[in-house]
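# Examination of the molecular architecture
In case you want the letters, here they are:
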Amino acid sequence: STLMQSNLAPIPELYVSYDSAQKLKVEAAELTSLDLTPRQICDLELLMNGGFNPLKGFLSEEDYNGVVENMRLADGTLWPMPITLDVSEDFAAKIEDGQDIALRDQEGVILATMTVTDKWEPNKANEAEKVFGADDLAHPAVNYLHNQAGKIYLGGPVTGIQQPVHYDFRARRDTPNELRAYFRKLGWRKVVAFQTRNPLHRAHQELTFRAAKEAQANLLIHPVVGMTKPGDVDHFTRVRCYEAVLDKYPSATTSMSLLNLAMRMAGPREAVWHGIIRKNHGCTHMIVGRDHAGPGKNSAGEDFYGPYDAQDLFREHQAEIGIEMVDFKHMVYVQERAQYEPFDEIEDRENVTILNISGTELRRRLAEGLEIPEWFSFPEVVSELRKTKPPRSKQGFTVFFTGLSGSGKSTIANALMVKLMEMGGRPVTLLDGDIVRKNLSSELGFSKEHRDLNIRRIGYVASEITKNGGIAICAPIAPYTATRRAVREDIEQFGAFLEIHVATSLEECERRDRKGLYKLAREGKIKEFTGISDPYEEPKTPELRVETENVDVDNCAHQVILKLESMGLIAG
Ligand code: PPS
């Protein structure tokens, strides 16, 4: 291994001096301004503070083409990831070549100005193929590219006015130059970076410590807190976990700093990008694991990249990046010796018990409140994870009844609410069709547009209730499949969603005609009446379908209770 030592001189930033910034800020208020997306703010922060050195702004068209096609800027410098400023066609139409624009955060604070030198419509399918390996929406960055990013890219140099503001973990965030100064101060000549987007368990602690020992270096835990893979443990929880693990290293060997990077999950190219970023932060080594920055399965159920593609591409470029790869050891727990060992180095594999808990198994144990052994993780980490992910029987959830007017939704929903309140433990809110139309949607009628708006509002309130550990019971007609699916997606980020079809037939609803509305609808006195003069799309695969003809209300509500028990949502 080459003996890399860091040159810890400051690297260039894009900020102007404090005095100039005050002046520029006033002038910039007059410019056409762009409100950046969360991902663009992450990119801008690393552009300005030198994390993306040598970039001086968002990529020009020529640089973009070079990066996409062969991982190089127009001047030949290695750069694997398109850092582009995507905007809408409408916004792009307002901008002329050479124009300065102001870049603002989501509250409207001006962070930077940019001189627009390039404006073009990228070939997104080609970008997806070349950068992410496939034009497949199962890849989170490809999905972002096609479904969230604007159609037009703007390129040009950036002038930094101020850093994006963070209110959380301020003391744990460092710019590249702050970390360089810190390493200088401590006399750290060699530093191994560990990139991560997951909580650390004992195996990670062992492998990072081992990597640092092998490289005779200090260790920097360098977790990403900008944007990671959708569905990851939130960074607030992760940072509390990292803080607990930090205490487990010998003091003075290891430090931690948070990196406000927006990951792309681009596997091999992402690994190279991570290397350049760590080099900029003053590190000399970086740990690259199996399937580094992997995006999960593609739409055919296969991996996007080979498990060691990232290591191969990194190794090919490490001299040029100026950082040395430390490959990840697959650490396993050997029960007989009560310690972690690299799997490759165990010679008596046949005679010892090797223990491991996969990510999927860990999530299952958390969801069901089962034991997580001390050999696997630290009690402090497990307790943080349990607070964020309580067992399903303590999480919030939503029961969403759908069915025709007069099908019995409200009656069953009321019975269910009372039964759940009798059991206790979680607060229950009933969002009945009529209650909602009175309190949340009083201005809405029954057009498709208004019904959708009504259902999305119900979904929003139910998702907030679910997020905060309560039970939301909804009982609107909700006639459209796509809208019900959208509500399901809103809620499933936070807890379970049960769709219950109250399958009373139109004939029966009309025969009962509890409110006399069907009669009026038949006479044409009520327009757009569901089932008569407006559609109702029956759910194809609801969690439960209840028949109400010849079944009493109590029994219908009881069926829902049994379903909740079988899903582990209420303790049996
Ligand atoms: S929707 O489609 O989900 O937004 O409808 P919802 O909010 O559940 O409101 C349905 C209740 O409004 C009364 N009502 C009508 N229903 C359907 N179509 C038309 N045109 C209509 N006009 C008024 C009706 O009483 C519904 O109550 P329920 O409890 O479903 O019988």
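## Some words on the site of the ligand
Lining the immediate surroundings of the ligand are 21 residues, of which Ser405, Arg437, Arg451, Ala478 and Glu528 lie closest. Here an oxygen atom of the ligand sits 2.9 Å away from a polar atom, N or O, in the side chain of Lys409. For the ligand, a nitrogen atom lies 2.7 Å from a polar atom in the backbone of Glu528. In isolation the ligand exposes 620 Å². Once the protein is present, 92% of that is buried. Contributions of two or more residues to the shell around the ligand are made by helix H14 (409–423), helix H15 (433–439) and helix H16 (448–467). Tallying contributions element by element places H16 first for the shell around the ligand, with three residues.

## Description of helix H13 (residues 379–388)
Note that an α-helix has 3.6 residues per turn; residues three or four places apart therefore point the same way. Along H13, the residues classified as buried are Val381, Val382, Glu384 and Leu385. What you see down the axis of H13 is that its buried residues fit within an arc of 160°, all on one side. Where H13 is buried, its residues contact helix H9 (235–246) and helix H12 (359–368).

## What about the pairing of strand E4 (residues 100–104)?
For E4, the buried fraction is high: four of the five residues fall into the buried class. Bridge count for E4 against strand E5 (residues 110–115) is five bridges, and the pairing is antiparallel. The residue bridging Arg104 from the neighbouring strand is Ile110, located in E5. Here E4 folds back onto E5 in antiparallel fashion, the turn holding five residues, of which Gly108 has a positive phi close to 95°.

## Comments concerning the sheet that holds strand E10 (residues 254–256)
Taken in spatial order, the five strands make up an open sheet running E10-E9-E8-E11-E12, and their pairing is parallel. Lying at the two open borders of the sheet, with one neighbouring strand each, are E10 and strand E12 (324–327). Across this sheet, the average inter-strand angle for adjacent strands is 30°, counted without regard to direction. Relative to E10, strand E9 (residues 218–223) is paired through three bridges, and the arrangement is parallel. Bridging from a neighbouring strand, Leu220 pairs with Ser255 of E10.

## Quick look at the nonpolar core
Nonpolar side chains in soluble globular proteins tend to end up buried together. One finds Phe52, Trp79 and Leu103 to be the most contacted residues of the largest nonpolar core, which totals 73 residues. The residues that make up this core include at least three from each of domain 1 (18–160) and domain 2 (170–332). Not counting chain neighbours up to four residues away, the residues in contact with Phe52 comprise Asp43, Leu46, Leu47, Trp79, Ile83, Leu261, Trp273, Ile277 and Asn280. Phe194, Leu200, Val239 and Val326 belong to the second largest nonpolar core, which has 34 residues in total.

## Looking at the sheet that holds strand E14 (residues 339–342)
One open sheet accounts for three strands, arranged E14-E13-E15; its pairing is antiparallel. Only two strands of the sheet have a single partner each, and these edge strands are E14 and strand E15 (354–355). Relative to E14, strand E13 (residues 331–334) is paired through four bridges, and the arrangement is antiparallel. Bridged to Met331 within E14 is Pro342. Relative to E14, helix H8 (residues 202–214) is tilted by about 55°, and along the sheet it contacts E13 and E14.

## Examining the pattern of salt bridges
Tallied over the entire structure, the rule returns 36 salt bridges. The shortest N-O distance in the salt bridge between Asp452 and Lys448 comes to 2.6 Å. With Asp452 and Lys448 both in helix H16 and four residues apart, this pair spans about one turn of that helix. Among the salt bridges present, the one from Arg488 reaches Glu499, with a minimum N-O distance of 4.0 Å. In this pair, Arg488 is assigned in helix H17 (residues 481–492) and Glu499 in strand E19 (residues 496–502), connecting sequence segments eleven residues apart. By relative accessible area, Arg488 is classed as buried at 17%. On the basis of relative accessible area, Glu499 is assigned to the buried category, the value being 8%. Members of the salt-bridge network, linked through shared partners, are Arg484, Arg488, Glu492, Glu499 and Glu543.

The rules behind these values
Residues numbered from 1 in each chain as written. Predicted model: local features only at pLDDT ≥ 70, side-chain atom pairs only at ≥ 80, totals over all residues. Heavy atoms only, no water. Near = heavy atom within 4 Å. Polar contact = N/O pair within 3.5 Å; in protein donor to acceptor, adjacent residues only side chain to side chain. Areas by Shrake-Rupley, 256 points an atom, 1.4 Å probe, with all protein chains shown as cover. Helix = DSSP H or I, 4+ residues; strand = E, 2+ residues; numbered from the N terminus. Buried < 20%, exposed > 50% of the residue type's maximum accessible area, 1.4 Å probe, protein only. Arc of directions from axis to C-beta. Contact = heavy atoms within 4.5 Å. Pairing = 2+ DSSP bridges. Axes fitted to C-alpha atoms, helices over the stretch in contact; angles between N-to-C directions. Core = buried A, V, L, I, M, F, W, Y, C linked by side-chain atoms within 4.5 Å. Domains from an automatic or database assignment. Salt bridge = Lys/Arg side-chain N within 4 Å of Asp/Glu carboxyl O.

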